[in-house]
Amino acid sequence: AQRVTQPEKLLSVFKGAPVELKCNYSYSGSPELFWYVQYSRQRLQLLLRHISRESIKGFTADLNKGETSFHLKKPFAQEEDSAMYYCALRMRTNAGKSTFGDGTTLTVKP
Amino acid sequence: DGGITQSPKYLFRKEGQNVTLSCEQNLNHDAMYWYRQDPGQGLRLIYYSQIVNDFQKGDIAEGYSVSREKKESFPLTVTSAQKNPTAFYLCASSIDKGITLYNEQFFGPGTRLTVL
C-alpha cells in the first residue's frame, strides 16, 4: 500500500537559516508528488508539484526515485514561511486517490 | 476565496444523531474528496468521487456516507455509527484529468464537527 512519511512533526529554525522538510514515500507505481501548505487561518493550498520542477516562494523539491524522497528545501527561511506543510502522493491508477503525510509544523523564529 | 465552499463552519451534534456536511464547488471539477483532519494525524481520506453518481471508499469510510448527484455537490453524512466523529472535515476537488499538471487539489475552508 502507498504511504507518505514526514518524520518531523515540528521543525524550528531561525530567520535566514536553511530549512529542509523531509518527505519519504512508498509506492510501487509512478508517483505524482505534491507539497501543500496551510498558513494560520487560511485554507490548505498547493505549494508545488514535482512535475513542474518549479520554485515557489523560494521553495524547491526534487523527486529522488532512488531514495523515494521528495524533500522540500529553502535556502533562507523567512518568518512568513511559518505554517503546516503536508507532502502528498497521488496515484496515477486507483482513481487518482491521494495519500497525505501527517504534516510538519514549521516555525521560523526572528 | 471562492470556488469551493463548505457549510456550516461549526457544527454541534448530539450522540446518536446523523449530520450532513455540505460541500459545493463551482470550478467545474470532476473529482471531489472528503478528508478528516485530526491533530498529529494529517489528512485521512474518507470518500472520493471521480464522476457524478459514482464514488469510492477511502481509508476510513466506516460510519460515513456520501452522494454525488450533481457535479457541483458532494455532501458527507456522519452517521451515528461513526464512533469518534469529533474532528475537522475538509472537502477538496480537482480536475483529475490525465494531464498530471492539473491534478492538484483545491480545498474548502473546512467544517469543525463536535459531538456533545
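Please read all numbers here as calculations on a predicted model, not as lab measurements. (Residues numbered from 1 in each chain as written. Chains lettered and ligands numbered in written order. Predicted model: local features only at pLDDT ≥ 70, side-chain atom pairs only at ≥ 80, totals over all residues. Heavy atoms only, no water.)

Within chain A, the regular secondary structure consists of zero helices and 11 strands. Ordered by position from N to C terminus, the α and β elements of chain A give β-β-β-β-β-β-β-β-β-β-β. In summary, chain A has a C-alpha radius of gyration of 14 Å against a globular reference of 13 Å for 110 residues, a match within 12%. Taken along its principal axes, the extent of the C-alpha atoms in chain A is 45 × 30 × 25 Å. (Helix = DSSP H or I, 4+ residues; strand = E, 2+ residues; numbered from the N terminus. Rg over C-alpha atoms; globule rule 2.2 N^0.38 Å.)

With that out of the way, let us pick up the state of the cysteines. All names here are of chain A. Using the criterion set out here, one finds two disulfides over all chains in the structure. Between Cys23 and Cys87 runs a disulfide, and the two sulfur atoms are separated by 2.0 Å. Here the disulfide of Cys23 and Cys87 is left-handed, its torsion about the S-S bond being about -65 degrees. One end of the pair, Cys23, is in the loop between β3 (19-21) and β4 (24-26); the other, Cys87, is in strand β9 (residues 83-91), and 64 residues separate them in sequence. What makes Cys23 buried here is its relative accessible area of 0%. (Disulfide = S-S within 2.5 Å. Buried < 20%, exposed > 50% of the residue type's maximum accessible area, 1.4 Å probe, protein only.)

So, about the interface of chain A and chain B. Each partner contributes to the interface: chain A provides 22 residues, whereas chain B provides 25 residues. Carbon and sulfur atoms supply 48% of the area buried between chain A and chain B, which totals about 2,100 Å² over both sides. On inspection of chain A and its partner chain B, the count reaches one salt bridge. With its nearest N and O atoms 3.0 Å apart, the salt bridge here joins Glu104 of chain B to Arg49 of chain A. (Contact = heavy atoms within 4.5 Å. Buried area = accessible area lost by both parts, 1.4 Å probe. Salt bridge = Lys/Arg side-chain N within 4 Å of Asp/Glu carboxyl O.)

Attention shifts here to the nonpolar core. Residues and elements named next belong to chain A. In this structure, Trp35, Leu72 and Tyr85 are the most contacted members of the largest nonpolar core, which totals 26 residues. When residues of this core are traced back to their parent elements, those giving at least two are β2 (10-14), β3, β5 (31-38), β6 (45-49), β9 and β11 (104-109). Here the element with the most residues in this core is β9; it accounts for five residues. Beyond its immediate chain neighbours, meaning those up to four positions away, Leu72 contacts Val19, Glu20, Leu21, Trp35, Leu47, Leu48, Phe59, Thr60, Ala61 and Tyr85. (Core = buried A, V, L, I, M, F, W, Y, C linked by side-chain atoms within 4.5 Å.)

What is shown is where atoms sit, not what they do.
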